[in-house]
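Topology and contacts: notes
Residues per chain, in single letters:
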Amino acid sequence: MKDSDWEILYRLYKTPNITKVANILYISQPSLTRRLKGIEEEFNIKIVSRTSKGVTFTPEGEYLAKKAENYMDFIKEALTLGFNNAAVIDVKDLVFVLEYRQFCEENLCGNFNVISSCPPACGTPEEMHRKALNYKKALILQTVLESPEEQFDVKKAKYNHNILTEKLYKKIIDQSV
């Protein structure tokens, strides 16, 4: 499921009217209806019942909508903290590239053998992949280095990224999600 699908569920739960939500998201009502049907097919459940007054969520749909709200809250909080982008994706879509490991071993960020999410504590890319597959969703956080000065100071940018990640992690744990 795409981030935009989670947003559709979230918005529809908050405003149970397909036409209004389509307008909020700047998509056509038929497009939103097709996306909603696609979500229902993906999960093999009925998410909403359409009525003359809008939509009502089935118990299964309400469960998904609450998950969507959590995911949207995570993304919003990540952006508020200072990440450039954030997304919730299916873990099966994560890509572990062996060649990226060299950047860790060159220790450009200064975290090699310092924090648990970095090598060697995090394990090999294969071990990381196996660990990740214990979950269904992953919160992906991105920091973009835009200026030449930032690109020269990768260590500082990675440090700041890790600080933001720890802050977000603490907020998520505090919310017991």
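Parameters at a glance
Residues numbered from 1 in each chain as written. Predicted model: local features only at pLDDT ≥ 70, side-chain atom pairs only at ≥ 80, totals over all residues. Heavy atoms only, no water. Helix = DSSP H or I, 4+ residues; strand = E, 2+ residues; numbered from the N terminus. Buried < 20%, exposed > 50% of the residue type's maximum accessible area, 1.4 Å probe, protein only. Contact = heavy atoms within 4.5 Å. Axes fitted to C-alpha atoms, helices over the stretch in contact; angles between N-to-C directions. Left-handed = near helix turned anticlockwise from the far one by under 90°. Nonpolar A, V, L, I, M, F, W, Y, C, P; charged D, E, K, R; others polar. Core = buried A, V, L, I, M, F, W, Y, C linked by side-chain atoms within 4.5 Å.

1. Thoughts on the overall build of the protein chain
- Each helix and strand counted, the protein chain has eight helices and four strands in total.
- In the protein chain, the succession of helices and strands from N to C terminus is α-α-α-β-β-α-β-α-α-β-α-α.
- Put simply, the protein chain has 177 residues, and 31% of those count as buried.
- Restricting the contact set of the protein chain to residue pairs at least 6 apart, pairs at least 24 apart contribute 58%.

2. A short note on the packing of helix α4 (residues 59–81) against helix α8 (residues 154–174)
- Look at α4 against α8: their axes get within 10 Å of each other, and the N-to-C directions meet at 140 degrees. The way α4 lies across α8 gives a crossing that is right-handed. The residues of α8 that touch α4, namely those facing Phe74, Glu77, Ala78 and Leu81, are Leu164, Lys167, Leu168, Lys171 and Ile172.
- Class assignment of the residues belonging to the contact of α4 with α8 gives a composition of six nonpolar, no polar and three charged.

3. Examining the nonpolar core
- The biggest cluster of nonpolar side chains holds 31 residues, and the ones touching the most others in it are Trp6, Leu9, Leu12 and Ile47.
- Looking at this core, the elements that each hand over two or more residues are α1 (3–14), α2 (18–24), α3 (29–43), β2 (54–57), α4, β3 (85–90) and α8.
- By residue number, the principal contributor to this core is α4, which donates eight residues.
- Sequence-distant contacts of isoleucine 47, that is, excluding residues within four places in its chain, are made with Leu9, Leu36, Ile39, Glu40, Thr56, Phe57, Thr58, Gly61 and Leu64.

4. Overview of unusual backbone geometry
- The omega angle of the peptide bond from proline 119 to proline 120 is 0 degrees, so this bond is cis rather than trans.
- Structurally, the position occupied by proline 120 is in the loop between α5 (101–105) and α6 (125–132).
- Here tyrosine 26, not a glycine, exhibits a phi torsion of approximately 60 degrees, which is positive.
- For tyrosine 26, the position within the fold is in the loop between α2 and α3.
- Phi at asparagine 44 is positive, roughly 55 degrees, even though this residue is not glycine.
- By the element assignment, asparagine 44 lies in the loop between α3 and β1 (48–51).
- A residue is classified by how much of its surface remains accessible, and asparagine 44, at 71% relative accessible area, is exposed.

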